[in-house]
Amino acid sequence: QVQLVESGGGLVQAGDSLRLSCAASGRTFSSYAMGWFRQAPGKEREFVAAISWGGGNTYYADSVKGRFTISRDNAKNTVYLQMNSLKPGDTAVYYCAQPEDRGLPPLLPLSYAYWGQGTQVTVSS
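What you are looking at is a predicted structure, and each value in this text was computed from that prediction instead of being measured.

For soluble globular proteins, nonpolar side chains are generally found buried alongside one another. Membership of the largest hydrophobic core comes to 32 residues, with the highest contact counts inside it found for Trp36, Val48, Phe68, Val79, Leu81, Met83 and Tyr94. At the level of elements, strand E3 (18-25), strand E4 (34-39), strand E5 (46-51), strand E7 (68-73), strand E8 (78-83), strand E9 (92-99) and strand E11 (119-124) are the ones that each hand at least two residues to this core. Residue contributions to this core peak at five residues, all from E5. Setting aside residues no more than four positions away along its own chain, Tyr94 makes contact with Glu6, Leu20, Trp36, Phe37, Arg38, Val48, Phe68, Leu81, Met83, Gly118, Thr119 and Val121.

Here is the structure:
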């Protein structure tokens, strides 16, 4: 059974940085792409970033491009989201996710089968 556990969220001020981590277990982590999504109150869950199984391909939402960096350490079964220059609009619960199948990282939430419990990120102005 795949388990994903996020950590690293918190309350920060605008302009600060945070690094989220997501530890995976249950199957061969290095065989699967990973994604980060977020959901703000009253809004739909939205794509933030994704990374291919080997880390060579990364994808970002336009709203975070240049500020956020996704990376992975397959030896530690962990994917990261480094968030710099945070804005109040980045406030949301952040989720990591893994698709059911191998292949390129999907960009839609419906394409992911496994989800973590989420970690809250709050950015004050």
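Turning our eyes to something else, we now look at the environment of Ser71. Counting through the fold element by element, Ser71 comes out in strand E7. In this structure Ser71 comes out as partly exposed when scored by relative accessible area, which is 30%. Once the C-alpha coordinates of Ser71 and Gln1 are considered, the two residues, 70 residues apart in sequence, prove to be 23 Å apart. Sequence-distant contacts of Ser71, defined by excluding residues within four places in its chain, comprise Ile51, Val79 and Tyr80.

Read across the open sheet, the four strands follow the order E1-E3-E8-E7; overall the sheet is antiparallel. In the strand order of this sheet, the two ends are held by strand E1 (3-7) and E7, each with one partner. The mean inter-strand angle of the sheet, taken between neighbouring strand axes irrespective of direction, is 15 degrees. Judged from the six bridges that link them, E7 and E8 form a sheet pairing that is antiparallel. In the sheet register, Thr69 faces E8, and the bridge partner there is Gln82.

The two faces of E7 differ: Phe68, Ile70 and Arg72 on one face are buried, but Thr69, Ser71 and Asp73 on the other face are not. Linking E7 back to E8 in an antiparallel pair, the connection comprises four residues, with Asn77 at a positive phi of about 55 degrees.

Applying the stated rule across the entire model yields five aromatic pairs. Residues Phe37 and Tyr112 carry aromatic rings whose centres are separated by 5.1 Å and whose planes lie at 75 degrees to one another, so their mutual orientation is edge-to-face. With Phe37 in strand E4 and Tyr112 in strand E10 (residues 112-115), this residue pair connects regions lying 75 residues apart in the sequence. Neither Phe37 nor Tyr112 differs from the other in exposure class; each is buried. Measuring from ring centre to ring centre gives 6.3 Å for Tyr95 and Trp115, while their planes differ by 80 degrees; the resulting arrangement is edge-to-face. On the criterion of sequence distance, the pair formed by Tyr95 in strand E9 and Trp115 in strand E10 is long-range, its members being 20 residues apart.

What counts, and at which threshold
Residues numbered from 1 in each chain as written. Predicted model: local features only at pLDDT ≥ 70, side-chain atom pairs only at ≥ 80, totals over all residues. Heavy atoms only, no water. Core = buried A, V, L, I, M, F, W, Y, C linked by side-chain atoms within 4.5 Å. Buried < 20%, exposed > 50% of the residue type's maximum accessible area, 1.4 Å probe, protein only. Helix = DSSP H or I, 4+ residues; strand = E, 2+ residues; numbered from the N terminus. Contact = heavy atoms within 4.5 Å. Pairing = 2+ DSSP bridges. Axes fitted to C-alpha atoms, helices over the stretch in contact; angles between N-to-C directions. Phe/Tyr/Trp six-rings, centres within 6.5 Å; stacked < 30°, edge-to-face > 60°.

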